[in-house]
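Structural features, examined
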Amino acid sequence: MAWLAGYPREKIDWSPTIDAEKCVKCAMCMNCGRNVFAWTKNGAEVVRPNNCVVGCSTCANLCLGEAITFPDLHKVREIYRKNGIWSKVKRQLKAEGKLTLSKISMVGIVLALTLFSVAGSVGMAANTYADQSKTSVRATKGVVLVTNNLDVDFSAFKVTFIEIGADRCIPCKKMQPIMKEIAAEFAEDVQVVFYDVWKDPEPGRKYGIQLIPTQVFVDADGNEVYRHVGFFPKEELVAVLVKQGAKK
Ligand code: SF4
Ligand code: SF4
């Protein structure tokens, strides 16, 4: 796999550990698409640790019992540094024709964020969603726009924070008060849009999400500037908005 550029996966100590005493058997970790966990009468168990994507910690963010932990990320970074994995990954992608010179620096950023973020799957993307038309919708300042209209007008706000989830999904519910607070506190600069993909899956397809909740941040020109998967603590979310120039 390109992420490791031939370095043996089993030599990298990166997989989840479950504290059985904290596990509340919510089964959120069973959403991992890599089959790392199996469900037993005692709840979730880690059965394929090496299937875990190095650097991913999404299940820990989703875990309602806060029962999942991961090894020290610095040690993983050190392995990458010592073994020159980074440059090998770029060489491999280039050899496979998946990377042109002009894209290298951007892909480097995406890889870095994906592998080294402790806050779930995060990355910058070159996606553009500016498809405004006469039927486009826009949030009222200070209020979350709940819609299934895919044609959002991004132009009046520095950042549009799109929450893609479901109002009955438990970690998504934890995002609801945060969305309202962000809409009220950043009324001038930030538009907050909520899509419920259990009611209408189209927004999930448009934004290419794999798990809920996912937060997508889009600038005034309709370009995606940031993405996060899982519950997003308010202070970390605010840091993303501030970095994009949003003010309270
Ligand atoms: S960290 Fe990601 S890949 Fe690893 S077990 Fe959790 S959800 Fe699956
Ligand atoms: S997500 Fe956490 S609390 Fe829920 S079943 Fe898995 S380990 Fe247990």
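Further up the page is the structure itself.
Residues numbered from 1 in each chain as written. Chains lettered and ligands numbered in written order. Predicted model: local features only at pLDDT ≥ 70, side-chain atom pairs only at ≥ 80, totals over all residues.

Re the pairing of strand S3 (residues 43-46)
It is a general feature of regular strands that their side chains alternate between the two faces of the sheet. Note the cut-off: Strands qualify as paired when DSSP identifies two bridges or more between them. Starting at the N terminus, helices and strands are each numbered in turn, a helix being any DSSP run of H or I of at least four residues and a strand any DSSP run of E of at least two.
Pairing of strand S2 (residues 37-40) with S3 involves four bridges; the strand directions are antiparallel. Bridged to Thr40 within S3 is Gly43. Connecting S2 to the next strand, S3, in antiparallel fashion are two residues.

Concerning the nonpolar core
As a reminder, the rule being used: Nonpolar cores are identified as sets of buried Ala, Val, Leu, Ile, Met, Phe, Trp, Tyr and Cys residues joined via C-beta atoms within 7 Å. Residue burial here comes from a neighbour count, namely the number of other C-beta atoms, placed from the backbone, that lie within 10 Å of the residue's own C-beta, with 20 or more meaning buried, 12 or fewer meaning exposed, and in between meaning partly exposed. An automatic or database domain assignment supplies the start and end points of every domain. Contacts here follow a simple rule: the backbone-placed C-beta atoms of the two residues must lie within 7 Å.
In this structure, Cys29, Val190 and Val192 are the most contacted members of the largest nonpolar core, which totals 55 residues. Listed by contribution, the elements that provide at least two residues to this core are helix H1 (58-62), strand S6 (159-165), helix H5 (170-185), strand S7 (190-196), strand S8 (214-219), strand S9 (224-229) and helix H7 (234-243). Both domains that meet at this core, namely domain 1 (9-116) and domain 2 (145-243), each give it at least three residues. When neighbours within four sequence positions are excluded, Cys29 is seen to be in contact with Phe37, Ala44, Cys59, Leu62, Cys63 and Ile68.

Quick word on the site of ligand 2
Note the following rule: The C-beta atom of each residue is placed using the backbone, and any residue whose C-beta lies within 6 Å of a molecule or strand is treated as near it. Nonpolar residues are Ala, Val, Leu, Ile, Met, Phe, Trp, Tyr, Cys and Pro. Charged residues are Asp, Glu, Lys and Arg, and all others, Gly as well, are polar.
Neighbouring ligand 2 are 15 residues, the closest being Cys23, Cys26, Cys29, Cys63 and Gly65. Residues belonging to the shell around ligand 2 are distributed by class as follows: twelve nonpolar, two polar and one charged.

Describing the site of ligand 1
Near ligand 1 you find Pro16, Cys32, Arg34, Val36, Cys52, Val53, Cys56, Ser57, Thr58 and Cys59, and these make up its full shell. Split by residue class, the shell around ligand 1 holds seven nonpolar, two polar and one charged.

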